[in-house]
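Each chain is listed here by its residues.
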Amino acid sequence: MAMSVGSDSTHEDEGIVDINTTPLIDVMLVLLIMLIITIPLQTHSVALDLPQGNPPPSTEQPKVVTVAIDFDNSISWNGEPMTTEQDLQAHFSEAANQADQPEMHIHPNRLADYKTVAHVLADAQRLGITKLGIVGQDQFMEGQ
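As annotated in an unreviewed UniProt entry, the protein carries the name Biopolymer transporter ExbD and comes from Neoasaia chiangmaiensis.

Below you can see the structure in the form of structure tokens.
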């Protein structure tokens, strides 16, 4: 049983004149897959409601409460000395329960113990104070 690959009219010296379309099909399939993958990314959008214009600045100054920690670890609330920890916690609770919570400015002395400052900050956070900041940190910089 014999097998004939080509017709008898072709000679071995003749080349194949047909274009090899396999690489073209491969490139087209890759482009098609990339197109299919990127189309859903373009159709998904996030709706944002951005504010229009600039809001007017607040004319009302916020209420500020100053909590000072002195060099001997004594604590004062707006200049009024706190004799016990319960007094300070009562003031923190009262300030946290106000509708418009005041800003708390903590002024630690350079010589105050870290333990005392950390304790005051922890009490303020635990009792619900959200507007809290440490003021006067320039005294802790080198060379001062």
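From this point on, the discussion continues.
Engineer: Summarise the environment of Asn-73; cite the residues concerned and give the values.
Structural biologist: On the secondary structure map, Asn-73 appears in the loop between strand E1 (64–69) and strand E2 (75–77). For Asn-73, a relative accessible area of 24% puts it in the partly exposed group. Remark: the alpha-carbon pair of Asn-73 and Asn-109, spanning 36 residues in sequence, is separated by 8.5 Å. With residues up to four places along the chain from it excluded, the contact list for Asn-73 reads Ala-112, Asp-113 and Thr-116.

Engineer: Run through the pattern of salt bridges, naming residues and quoting values.
Structural biologist: Applying the stated criterion across every chain, the model contains one salt bridge. Measuring nitrogen to oxygen at the nearest pair gives 2.9 Å for the salt bridge that ties Arg-126 to Asp-123. Placement of both Arg-126 and Asp-123 in helix H3 (residues 114–126) is noted, with a separation of three residues, approximately one turn of the helix. For Arg-126, a relative accessible area of 53% puts it in the exposed group. With a relative accessible area of 3%, Asp-123 lands in the buried category.

Engineer: Just give me the short version of the nonpolar core, but keep the residues and values in it.
Structural biologist: One recurring pattern in soluble globular proteins is that nonpolar side chains are buried together. Among the nonpolar cores identified, the biggest contains 17 residues, and Val-67, Trp-77, Phe-92, Met-104 and Val-120 are the most heavily contacted of them. Mapped onto this core, the elements with two or more residues apiece are E1, E2, helix H2 (85–96), strand E4 (103–108) and H3. Here this core gets four residues from one element, more than from any other, and that element is H2. If near-sequence neighbours (up to four positions away) are discounted, Phe-92 is found in contact with Val-67, Trp-77, Met-104, Val-120, Asp-123, Ala-124, Leu-127 and Ile-129.

Engineer: With reference to specific residues and values, describe the packing of aromatic side chains.
Structural biologist: Enumeration according to the criterion identifies one aromatic pair in this entry. Judged by centre distance (5.4 Å) and plane angle (75°), the rings of Trp-77 and Phe-92 are edge-to-face. Here Trp-77, found in strand E2, pairs with Phe-92, found in helix H2; they are 15 residues apart in sequence, far enough to count as distant. Assigned by exposure class, Trp-77 and Phe-92 land together as buried.

Engineer: Report on the sheet that holds E2, specifying residues and quantitative values.
Structural biologist: A sheet is described by the order of its strands in space; here five strands give the open sequence E3-E2-E1-E4-E5, paired in mixed fashion. Pairing within the sheet leaves two strands with one partner each, and these edge strands are strand E3 (80–82) and strand E5 (132–134). Taking each pair of neighbouring strands and ignoring which way they run, the sheet shows an average axis angle of 25°. In this sheet, E2 lies alongside E1 in antiparallel orientation, the contact comprising three bridges. Counted as the bridge partner of Ala-68 is Ser-76 from E2. The strands that H2 touches are E1, E2, E3 and E4; relative to E2, the one it contacts most, it runs at about 35°. Relative to E1, H3 is tilted by about 150°, and along the sheet it contacts E1, E2, E4 and E5.

Cut-offs used in this document
- Residues numbered from 1 in each chain as written.
- Predicted model: local features only at pLDDT ≥ 70, side-chain atom pairs only at ≥ 80, totals over all residues.
- Heavy atoms only, no water.
- Helix = DSSP H or I, 4+ residues; strand = E, 2+ residues; numbered from the N terminus.
- Buried < 20%, exposed > 50% of the residue type's maximum accessible area, 1.4 Å probe, protein only.
- Contact = heavy atoms within 4.5 Å.
- Salt bridge = Lys/Arg side-chain N within 4 Å of Asp/Glu carboxyl O.
- Core = buried A, V, L, I, M, F, W, Y, C linked by side-chain atoms within 4.5 Å.
- Phe/Tyr/Trp six-rings, centres within 6.5 Å; stacked < 30°, edge-to-face > 60°.
- Pairing = 2+ DSSP bridges.
- Axes fitted to C-alpha atoms, helices over the stretch in contact; angles between N-to-C directions.

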